[in-house]
Amino acid sequence: MRRLVAVVLTAGVAAGVLTGCGEESWEKKCTTNAEKVIECTPEQRPEAREVTGELLGGGTYDVAQDRGKVVVVNFWGSWCNPCRAEADDLEDTYQATKAQNVTFVGVNSRDDRDAAKAFERGRVTYPSIYDRDGSVALKFDVTQVSTPATLILDRQGRIAAAIRGATVKSVLQPVVERVAAEGTEGTS
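On a predicted model such as this, the values are computed, not experimentally measured, just so you know. (Residues numbered from 1 in each chain as written. Predicted model: local features only at pLDDT ≥ 70, side-chain atom pairs only at ≥ 80, totals over all residues. Heavy atoms only, no water.)

Caption draft 1: Geometry of the pairing of strand β6 (residues 102-109). Burial analysis of β6 places eight of its eight residues in the buried class, which makes it a mostly covered element. The pairing of strand β5 (residues 70-76) with β6 spans seven bridges and is classified as parallel. Bridging from a neighbouring strand, Val71 pairs with Thr103 of β6. A crossover links β5 with its parallel partner β6, the connecting element being helix α2 (residues 81-97), and its sense is right-handed. One ladder, built from four bridges, connects β6 with strand β7 (residues 128-131); its direction is parallel. Paired with Val107 across the strands is Ile129, a residue of β7. This β-α-β element, β6 to helix α3 (residues 113-120) to β7, shows right-handed connectivity. (Buried < 20%, exposed > 50% of the residue type's maximum accessible area, 1.4 Å probe, protein only. Helix = DSSP H or I, 4+ residues; strand = E, 2+ residues; numbered from the N terminus. Pairing = 2+ DSSP bridges. Right-handed = clockwise from strand over helix to strand, strands pointing away.)

Caption draft 2: Broad picture of the confidence of the model for the chain. Looking at the chain as a whole, the pLDDT averages 84, with 81% of positions reaching at least 70. The spread of mean pLDDT over the elements of the chain runs between helix α1 (residues 2-18), the lowest at 40, and α2, the highest at 97. In this model, residues 1-22 is a region of pLDDT below 50 whose contacts with residues beyond four sequence positions or in other chains number 13 contacts. (pLDDT = per-residue confidence, 0-100. Contact = heavy atoms within 4.5 Å.)

Rendered as structure tokens:
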């Protein structure tokens, strides 16, 4: 019951904070396709806030350290069945795109640290931020607070795309590759 109350309060605060007091949210300016992928042109992209957090495996992560790379951020929990279903596709996409200067980071929320570590073991090789209370997720200033969800940040640290819900390699990888190609074609 305590967890449910915490989740409801977090969602309520997030909804209030993230709606910007009536401002139109950034994703409404972008295009959403049938796979629930929101893609923004470079001029529509909002800056991602400075995001830091403690890693599940120890140490810290700062999204600013990956400026110049495409960063795929996946929000997940070990308790989330769709997260389990998408884990192999995320890892496959990571392996297929990392040579294009793409990196992945997970954001684990509302979870027990040991359960989260056990979930990752043997599934993914990229790091995850431990975000038990959801505060790291709020720093990304996104209006969707569902789990799972995935953001793709461009090389300038702007939100280029968002996927609401679970994803698969056939949807995720082409989006990541399009954003990664921007840096090699000289566009921004």
